[in-house]
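The residues making up each chain are set out below.
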Amino acid sequence: MAKYDEKLQELKTRLLEVGDLTHINALLGWDQATYMPSGGAEARGRQSALLAQMTQEKFIDKEIGNLLDDLQPYADSLPYDSDDASLIRVTRVQYERDLKVPPKFIGELNEHGARSYQAWSEARPANDFNKVRDNLEKTLDLSRQLAEYYPGYENIADPLIDFADYGMKASSVRKLFADLREQLVPIVRAITSQPPTDNSVLLKHYPEAEQLAFGAEVVKQLGYDFSRGRIDKTHHPFMTKFSLGDVRITTRVKEDDFGDCLFSNMHEAGHAMYEQGIDMSYEGLPLGGGTSSGVHESQSRLWENIVGRSRGFWEYMYPTVQARFPEQLKGVSLDAFYAAINKVENSLIRTDSDEVTYNLHVMLRFDFELQLLEGSLAIRDLPEAWHERFEHDFGIVPPDDKDGVLQDVHWYADVIGGSFQGYTLGNILSAQFYNAALKAHPSIPDEMKQGKFSTLHGWLRENIYRHGSKFTAPEIIERASGSALTIEPYINYLKTKYGALYKL
Ligand code: ZN
């Protein structure tokens, strides 16, 4: 074993440098989205692209390949789940995947992403799709090129889906989504044919400072560690990480909408608690991040929805929020408040949509990604296609592009393909993981009513968080829940909760 020590150390040293460069680039991205003046955009894009290219060059260095080869017999001599064997296994998968893409292309992709993001952040408020059209055409070209570095796919979207959700393909996602859709649509119909829930109590004036303070207080109680994190304001909330000791979230506030800041916070804190819970010995290494976009999203949705929109949680939290906003919530019962935060309706914006309709927003985007990549839909026809499909699925026509095709940042900052399926996988998995936690600790719902979240947090840390990327998504799902991904727990969760709320 001793003969491998030096090589393993050499591998870790090199990988840590790659990790550090990646995190430095994340810091540039965080700054761009929070405090950077718009005049900094062009240089920032160039700097970020340079770093991304350098990071890629460093990672696909031949020496890392040699070290992985030399260490393979050592890995083979260890149990599958040992840290060293896992580091070598997971690094090899990433190495072989990244080796196929030239660093220059990664640089180009990043530079374009920064430029396109800047154009989008001006185009959206201006409701002007034409301002981003050329950029989006180029994004589509680059996305196709990226996929082409992985020939032999069944669908051109497959390599891009696989980056985000290892092991999934267009065909498997399609099948899963079709099964889910079949169950969801009747529930949506049954609810939206009823008179709409009154949620006007959430739409009163809630001052920004109070919302920010309350939002921070809530995530602290859930278990987000402020000694290793902080919250800043941004246009589009996100979580980012510069090390396991610095995992940040961002938020936004609408003074006429109580839910926006609070539920964004719980969502992003769910992502952040996952990263904060990773074994510290994985710091800066390929094992030291969440394992897939679907598993990551399961953690944000679990805290945002299964906990944060549950009646038990608000039995505990409602007196606090009433004390903080006495005027706004005077005479509003817990049941009325609970119904308001769980209002189901056909609405325009994915991130504001309720748990029941949310997945239909994802399916629409997933289908468009496939059509764009396959070439059956052109960028210039996208706004119109969006309007048509939206009317078909939701019965409403978006009044403009701002709240239509321009609403999500993803295609304007990254690639087209693999960007959205993780959200629905996350919803499905949030219920599957929560069920497994309940099985181990049936006391969790009662504890929540007392404001105690540590048992649930502890189970998640033990079974999911601490492993980082040591296991693939299918492996962690099986290990943590005892079965492969299944839509049953999620459908049961929705039917039970919304069946009671809407007397279905
Ligand atoms: Zn998320």
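In this report, we go over the structure that sits alongside the text. These numbers were taken from a predicted model, which means no experiment stands behind them.

## Quick word on the layout of surface pockets
Reported here for the second largest pocket is a volume of approximately 410 Å³. If one sorts the elements of the lining of the second largest pocket by residue count, helix 21 (residues 488-501) sits on top with 6 residues. Tallied by class, residues from the lining of the second largest pocket come to 11 nonpolar, 5 polar and 3 charged.

## Quick notes on the nonpolar core
Residues Trp-303, Phe-313, Trp-314 and Trp-411 are the most contacted members of the largest nonpolar core, which totals 124 residues. Not counting chain neighbours up to four residues away, the residues in contact with Trp-314 comprise Phe-214, Leu-262, Phe-263, Gly-308, Arg-309, Pro-319, Val-321, Leu-334, Phe-337 and Ile-341. Judged by nonpolar contacts, the second largest core, of 22 residues, contains Phe-59, Ile-60, Leu-71 and Ile-88.

## Regarding the coordination of the zinc ion
Around the zinc ion, the donor atoms from the protein are His-267 (NE2), His-271 (NE2) and Glu-297 (OE), and they sit 2.1 to 2.3 Å away. In the primary sequence, the donor residues of the zinc ion line up as H-x3-H-x25-E. Remark: His-271 and His-267 occur in helix 10 (residues 258-276); sequence separation between them is 4 residues, near one turn of the helix. A single burial state applies to His-267 and to His-271, both of which are buried.

## Here's the deal with the packing of helix 5 (residues 103-126) against helix 6 (residues 130-148)
Where helix 5 meets helix 6, the axes come as close as 9 Å, and the angle between the chain directions of the two elements is 150°. Taken together, the axes of helix 5 and helix 6 are roughly antiparallel relative to one another. Crossing handedness for the pair helix 5 and helix 6: left-handed. Seen from helix 5, the contacting residues are Phe-105, Glu-108, Leu-109, His-112, Ser-116, Ala-119, Trp-120, Ala-123 and Ala-126; seen from helix 6, they are Lys-131, Val-132, Asn-135, Lys-138, Thr-139, Leu-142, Gln-145 and Leu-146. Its residues assigned to classes, the contact of helix 5 with helix 6 comprises 9 nonpolar, 5 polar and 3 charged.

## So, the sheet that holds strand 2 (residues 239-243)
If you walk across this open sheet you meet the 3 strands as 1-3-2, and the pairing is mixed. Lying at the two open borders of the sheet, with one neighbouring strand each, are strand 1 (231-233) and strand 2. Shown here is a sheet whose adjacent strand axes are inclined to one another by a mean of 30°, direction ignored. In this structure, strand 1 lies alongside strand 3 (residues 246-251), joined through 3 bridges in parallel fashion.

## Some details on the environment of Gly-290
Of note, Gly-290 is situated in the loop between helix 10 and helix 11 (293-307). Residues Gly-290 and Leu-27, 263 residues apart in the sequence, show an inter-C-alpha distance of 18 Å. Look past the residues within four positions of Gly-290 in its chain and what remains in contact with it is Tyr-274, Glu-275, Ile-278, His-296, Gly-468 and Ser-469.

## Points about unusual backbone geometry
Phi at Asn-127 takes a positive value of approximately 55°, unusual for a residue other than glycine. Secondary-structure assignment places Asn-127 in the loop between helix 5 and helix 6. With phi around 45°, Lys-503 is a residue other than glycine that occupies positive phi space. By the secondary structure assignment, Lys-503 is in the segment after helix 21.

What counts as what
- Residues numbered from 1 in each chain as written.
- Predicted model: local features only at pLDDT ≥ 70, side-chain atom pairs only at ≥ 80, totals over all residues.
- Heavy atoms only, no water.
- 1 Å grid on protein atoms, 1.4 Å probe; cavity = no way out; pocket = protein on both sides within 12 Å on 5 of 7 lines; lining within 4 Å.
- Points joined across faces, edges and corners; volume = space filled by probe spheres on them.
- Helix = DSSP H or I, 4+ residues; strand = E, 2+ residues; numbered from the N terminus.
- Nonpolar A, V, L, I, M, F, W, Y, C, P; charged D, E, K, R; others polar.
- Core = buried A, V, L, I, M, F, W, Y, C linked by side-chain atoms within 4.5 Å.
- Buried < 20%, exposed > 50% of the residue type's maximum accessible area, 1.4 Å probe, protein only.
- Contact = heavy atoms within 4.5 Å.
- Donors = N, O, S within 2.8 Å, 3.2 Å for Na, K, Ca; no water.
- Axes fitted to C-alpha atoms, helices over the stretch in contact; angles between N-to-C directions.
- Parallel < 35°, antiparallel > 145°, perpendicular 65-115°, else oblique.
- Left-handed = near helix turned anticlockwise from the far one by under 90°.
- Pairing = 2+ DSSP bridges.

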